[in-house]
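Tertiary structure, described
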Amino acid sequence: GNSVTQMEGPVTLSEEAFLTINCTYTATGYPSLFWYVQYPGEGLQLLLKATKADDKGSNKGFEATYRKETTSFHLEKGSVQVSDSAVYFCALSDRGSQGNLIFGKGTKLSVKP
Amino acid sequence: DAGVIQSPRHEVTEMGQEVTLRCKPISGHDYLFWYRQTMMRGLELLIYFNNNVPIDDSGMPEDRFSAKMPNASFSTLKIQPSEPRDSAVYFCASSPPGGGFNQPQHFGDGTRLSIL
């Protein structure tokens, strides 16, 4: 079945450090891939998405590239801020799922000033 | 635009009581999802609807849980009787029409449920 695997957290970085959160997936066919972010006390928000191989999703300085050959969708940001502290979820959706998302377990990021 | 609205935001009740969680999806969205989030299990899909019809309820933990969507603008998740292990944050999400798999889900702020 479909699945998403994210790197274990928590991740603690200093402000302006480079961020990578690894995400790999298992799916039949060609899924769409998403990163969601959850700030404390809130629901998940879409951060970025990519719908086909080699697409790059980007938003708020975050980027992720859909790599079919490595079945990966790693999240990166060149310079993190304290306000980026949150939990990040990688997710996939395939054509047979009618919009159902398969989420990874989430990675908690803490950015220190 | 109004987002997904959930009520109540917090609920504290005693074991054995009936609990009803409510959700109003974004207008025009035809998919509605109920999730449960705990530290131990992470984010779990409980059930989802398309055009008010339940599509997959395989994530509903047991018969104590039930969900309804009587119309396009309202859904409920009910737990009867409630147990302490049901304590969690429950999220509702909706997504627009168009096949689903390319569409992001829009989440409410959740209901934090504590069963004593």
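Preceding this paragraph is the structure being described.
Residues numbered from 1 in each chain as written. Chains lettered and ligands numbered in written order. Predicted model: local features only at pLDDT ≥ 70, side-chain atom pairs only at ≥ 80, totals over all residues. Heavy atoms only, no water.

Quick notes on the pattern of salt bridges
Residues and elements named next belong to chain B. In this structure the tally under the stated criterion is 12 salt bridges over all chains. Between R64 and D86 there is a salt bridge; the shortest N-O distance is 2.7 Å. Here R64 is found in the loop between β6 (53-56) and β7 (65-71), whereas its partner D86 is found in the loop between β8 (74-79) and β9 (88-95), with 22 residues between them in sequence. Taking relative accessible area as the criterion, R64 reaches 9% and is therefore assigned buried. Take D86: its relative accessible area is 1%, and that puts it in the buried class. When salt bridges with common partners are traced through the structure, they connect E62, R64, E83, R85 and D86 into a single cluster. (Salt bridge = Lys/Arg side-chain N within 4 Å of Asp/Glu carboxyl O. Helix = DSSP H or I, 4+ residues; strand = E, 2+ residues; numbered from the N terminus. Buried < 20%, exposed > 50% of the residue type's maximum accessible area, 1.4 Å probe, protein only.)

Quick notes on the environment of A:G57
Residue and element names in this part refer to chain A. Along the polypeptide, G57 turns up in strand β7 (residues 56-59). Distance in space between the C-alpha atoms of G57 and P113 is 27 Å, their sequence separation being 56 residues. Beyond its immediate chain neighbours, meaning those up to four positions away, G57 contacts L48, K49, A50, F62, E63 and A64. (Contact = heavy atoms within 4.5 Å.)

What about unusual backbone geometry?
Omega for the peptide link from A:G9 to A:P10 comes to -5 degrees, which places this bond in the cis form. Inspection of the secondary structure puts A:P10 in the loop between β1 (3-6) and β2 (11-14). A cis geometry characterises the amide bond from B:S7 onward to B:P8, with omega recorded as -10 degrees. Of note, the phi angle at A:E16 is positive, near 75 degrees, even though the residue is not glycine. In this fold, A:E16 is placed in the loop between β2 and β3 (19-21). Despite not being glycine, B:N52 shows a phi value in the positive range, around 75 degrees. The topology assignment puts B:N52 in the loop between β5 (42-50) and β6. With relative accessibility at 29%, the residue B:N52 sits in the partly exposed group.

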